[in-house]
Each structure stands twice: as C-alpha cells, then as structure tokens.
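The primary structure of each chain is shown beneath.
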Amino acid sequence: MKALVLTEYNQFDLQDVPKPTVGPNEVLVRVQAVGICGSDVHGMDGSSGRRIPPIVMGHEASGIIAEVGADVHNWATGDRVTFDSTVYVLDDWYSRRGIYNLSDGREVVGVSTPDFKRQGAFAEYVAVPQHILYAIPDNVSFTQAALVEPVAVALHAVSLTPIQVNDSAVVVGAGMIGLFVIQVLKLAGCGSIIAIDLDDDRLALAKTLGATHTLNARSGDMANQVQALTNGRGADVSFEVVGAGPTVKTAIDCVRKGATVTLVGNLAPTVEIPLQAVVTRQLRLQGSCAINGEYEAALALISSGRMNVEAILSAEVPLEEGADWFRRLYDKEKGLIKVVLKP
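Since the structure is predicted, the reported quantities are computational estimates derived from the model, not experimental observations. (Residues numbered from 1 in each chain as written. Predicted model: local features only at pLDDT ≥ 70, side-chain atom pairs only at ≥ 80, totals over all residues. Heavy atoms only, no water.)

Novice: Report on helix α6 (residues 200-208), specifying residues and quantitative values.
Specialist: Every buried residue of α6 is accounted for by Leu-203, Leu-205 and Ala-206. Buried residues of α6, seen end-on, are gathered within an arc of 160° and therefore sit on one face of the element. Those residues of α6 that are exposed and angled more than 90 degrees off the buried face are Asp-200 and Thr-208. In the core, the buried residues of α6 are packed alongside α5 (176-187), β13 (192-197) and β14 (213-216). Its side-chain oxygen at 2.8 Å from the backbone nitrogen of Asp-201, Asp-199 defines the N-terminal cap of α6. (Buried < 20%, exposed > 50% of the residue type's maximum accessible area, 1.4 Å probe, protein only. Helix = DSSP H or I, 4+ residues; strand = E, 2+ residues; numbered from the N terminus. Arc of directions from axis to C-beta. Contact = heavy atoms within 4.5 Å. Polar contact = N/O pair within 3.5 Å; in protein donor to acceptor, adjacent residues only side chain to side chain.)

As structure tokens, then:
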C-alpha cells in the first residue's frame, strides 16, 4: 500500500509499504480521510519527541472496514467507521475506573516514542482494535468524521471543567482545538466567551463560531481587558489551547480568584507558572489528556449540525501532496487551520 512516511525529521517520502495484518480483535480500515493534526506538524521536526522516525503518522481518520479479525464481533466489512486515537487495554486499572485515557501502556495511533511505535493513517490502510471503533452516521461524511477526534478532545476538556450557565470563559488560542472548545462552551451555556489569539482572521472565525468577544494578544494587557468584560473580576474559567509558557501565563492571569484553568495545549515539555498568583488566588490548574469516551457525543453533535467542523477546514488534498501541505502548515501559512488528506 501507499503510505506517507516520516523517514527522518522534516523529511516525508511516499512509499510502498506492507499492508498491515490484523490481529484477532482488530479490523483493517481502508482510509478515506485523515486530518493533519497540529501535534503531527510539531512532531515532524522532533520538537515534541513523540514522532520518532521512521513513522506513518495520522490519528484523525475515517474509512471503511476492509477486513475483520477472527474474534471481531458486531463489525463487518463495508462498515463506515472512525476510531479513537488512544489504544488502551480493557483490563487496565485506569480503564476499569472509566479513565482509559490515563491507562498504563496506552498507545496513540500514528505516534512513536521511546516506549512504543504505532503506525497511523497517512496511508491507504490502518489496523486498529475493535473496541476503539465508532460507526459513522449516514449523514456524516468521511471528511467530517476525520474531524471527530479534535471535537472529542474539546468535549473532554470542557467536561472536566466546572461550568455553570452564564459563566464567563477565556480561550487562549484560536486554532482548531480552541475553535471547537469555543463551540462546546456555547453549547454548555456560557454567557461570555472571550477568545485570545495573535491572528485576526482566526479571531474573526472564533466570533462566527460563538465567541462573544475577541482580543488580539498584541493589543495590550489581556488581564485588564478581560476584567473589563467580566465585572472587574476575571473569567470564571479559562482554557489554554497552545501549550507554551506565555499563553499558560495569560490563561492564569485572566481568571478570577477561585477559578479553574484547564490546560489542553501540549507543545512545550515544561513551562514556568506564576506560583504565588496560583496559590494566593486559590486557582485550580488541571490538565486535559486526549479523550475519554466523548466520541459518541462528538459524532451526534456533528450529525445534528450543532457542531460546525467545515468552518475550520482549509483544504482537502491527495495523500501524494501531504509533504507539501505539512510544510505549509509548519511555516504557518496564513489562512490555514486544518488540512485533510485523501488516500
């Protein structure tokens, strides 16, 4: 089969590689659409340490079941499916307690670390275990289904965060996940949703998708501007969706005393935090890791039209053009948010 292989950092090659063989509890999916994730873009240069070459990346995908393993039940060839990005063990201590995203030995499709390598979906076929599969509703396209994973990431982050109707929220970073977080916050009943970014075009899109206010981070002191929009207190909750020191500080600075700051971005391995501000203002900092059962809700929201995924889609291109589009995303080409490859 054809696969887009990261052969060394910053180098992709379209190669003929062996088609995956399926285990007893696995299915072989013929990939119809696969999204380029921001974590893939940062992984390709080695900065994240989670895409060690050679590796076929790609974890946001949809397709058609082409083959089923001997012990697979309730799935058949021809079924339209998408799948969770996390591969976990069902009898793990964490999985048994309903937090499979934290399971020991978890793997991520299309990721390679010193601990594991799991080939991904920038290819004609990918093999995945049956217990991470989800059926695609008839009115949801393969391209839409390839965007379910980031929607589920946003749902998970918001589900962890204590939010009441009419609360105020700040979202630092109006990239793909941030734009989905904004839509989820609107569905959750937030009264004020304040998007912060450096890109005016992304901020305009954030406004279209549910942000009540937008702030360009270059426009001055973000904390003072947020306080002016929140009765002088600061936001009830904030979401950091970049993963860098300055944006983490912004997310902390913009909330009121006793607030919750949910950290979703995962770019930098370490960042500094204003410890005394966190302690003396009694803030709660929490991480949000991947997905924990939100796929069904994400699919339902897309199917019903309550979640707009097309708005963030920049291009649909053949797999053969993947290397070029990776470079364009890496170079932060203006207007690009999400690219979907079609094997």
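So much for the structure itself; the text now carries on.
Novice: Outline the pattern of salt bridges, listing residues and values.
Specialist: Taken as a whole, this structure holds 11 salt bridges when the rule is applied. Between Arg-118 and Glu-26 there is a salt bridge; the shortest N-O distance is 3.3 Å. Here the residue Arg-118 occupies a position in strand β9 (residues 117-118), and Glu-26 occupies one in strand β3 (residues 26-35), the gap between them amounting to 92 residues. Here Glu-26 falls in the buried class, since its relative accessible area comes to 19%. (Salt bridge = Lys/Arg side-chain N within 4 Å of Asp/Glu carboxyl O.)

Novice: Describe the state of the cysteines, naming the residues involved and giving the relevant values.
Specialist: Two cysteines, two sulfur atoms, one covalent bond between them: this is a disulfide. Inspection of the entire model under this criterion finds 0 disulfides. Take Cys-37: it sits in no disulfide, and the sulfur closest to it among the cysteines is that of Cys-289, at 13 Å. Left without a disulfide partner, Cys-254 is nearest to the cysteine sulfur of Cys-190, which lies 15 Å away. Classification of Cys-254 as buried rests on a relative accessible area of 1%. (Disulfide = S-S within 2.5 Å.)

Novice: Lay out the packing of aromatic side chains with the relevant residues and their values.
Specialist: In this structure the tally under the stated criterion is 5 aromatic pairs. Ring plane angle 20° and centroid distance 4.1 Å describe the contact between Tyr-88 and Tyr-100, whose orientation is recorded as stacked. With Tyr-88 in the loop between β6 (86-87) and α2 (93-96) and Tyr-100 in the loop between α2 and β7 (107-108), this pair connects stretches of sequence that are 12 residues apart. Both residues of the pair, Tyr-88 and Tyr-100, belong to the buried class. An aromatic cluster is built from Phe-12, Phe-122 and Phe-326, whose rings are joined through pairwise contacts. For the cation-ring pair, Lys-19 lies above Tyr-125, with the distance from its terminal atom to the ring centre recorded as 4.6 Å. A cation over a ring is seen here: Arg-80 above Phe-142, with NZ or CZ 4.6 Å from the ring centre. (Phe/Tyr/Trp six-rings, centres within 6.5 Å; stacked < 30°, edge-to-face > 60°. Lys NZ or Arg CZ within 6 Å of the ring centre and 35° of its normal.)

Novice: Report on the pairing of strand β1 (residues 2-8), specifying residues and quantitative values.
Specialist: Both β1 and strand β2 (residues 11-16) contribute to a ladder of 6 bridges, which runs antiparallel. Pairing of Leu-4 across the sheet is with Leu-14, part of β2. Between β1 and the antiparallel strand that follows it, β2, lie 2 residues; Asn-10 among them carries a positive phi value of about 65°. (Pairing = 2+ DSSP bridges.)

Novice: If you had to explain the sheet that holds strand β15 (residues 235-240) to someone new, which residues and values would you point to?
Specialist: Read across the open sheet, the 6 strands follow the order β14-β13-β12-β15-β16-β17; overall the sheet is parallel. Edge positions in the sheet fall to β14 and β17 (284-287), since each of these pairs with one other strand and no more. Each adjacent strand pair in this sheet contributes to an overall mean axis angle of 20°, direction not counted. With 4 bridges joining them, β13 and β14 adopt parallel strand pairing. Opposite Ile-196, over in β14, you have Leu-215 as the bridge partner. Packed on one face of the sheet, α5 meets β12 (168-172), β13 and β15 and runs near 170° to β12. (Axes fitted to C-alpha atoms, helices over the stretch in contact; angles between N-to-C directions.)

Novice: Could you give me a rundown of unusual backbone geometry, with the residues and numbers involved?
Specialist: Omega for the bond connecting Pro-53 with Pro-54 falls within 30 degrees of zero, at -5°, which places this linkage in the cis form. In this fold, Pro-54 is placed in the loop between α1 (38-43) and β4 (60-68). Within the chain, Asn-231 stands out as a residue other than glycine whose phi angle is a positive 60°. Tracing the chain through its elements places Asn-231 in the loop between α7 (222-229) and β15. Classification of Asn-231 as exposed rests on a relative accessible area of 67%. Phi is positive for Lys-332, which is not a glycine, with a value near 55°. With respect to the helices and strands, Lys-332 occurs in the loop between α11 (322-330) and β19 (338-342). You can call Lys-332 exposed: its relative accessible area is 66%.

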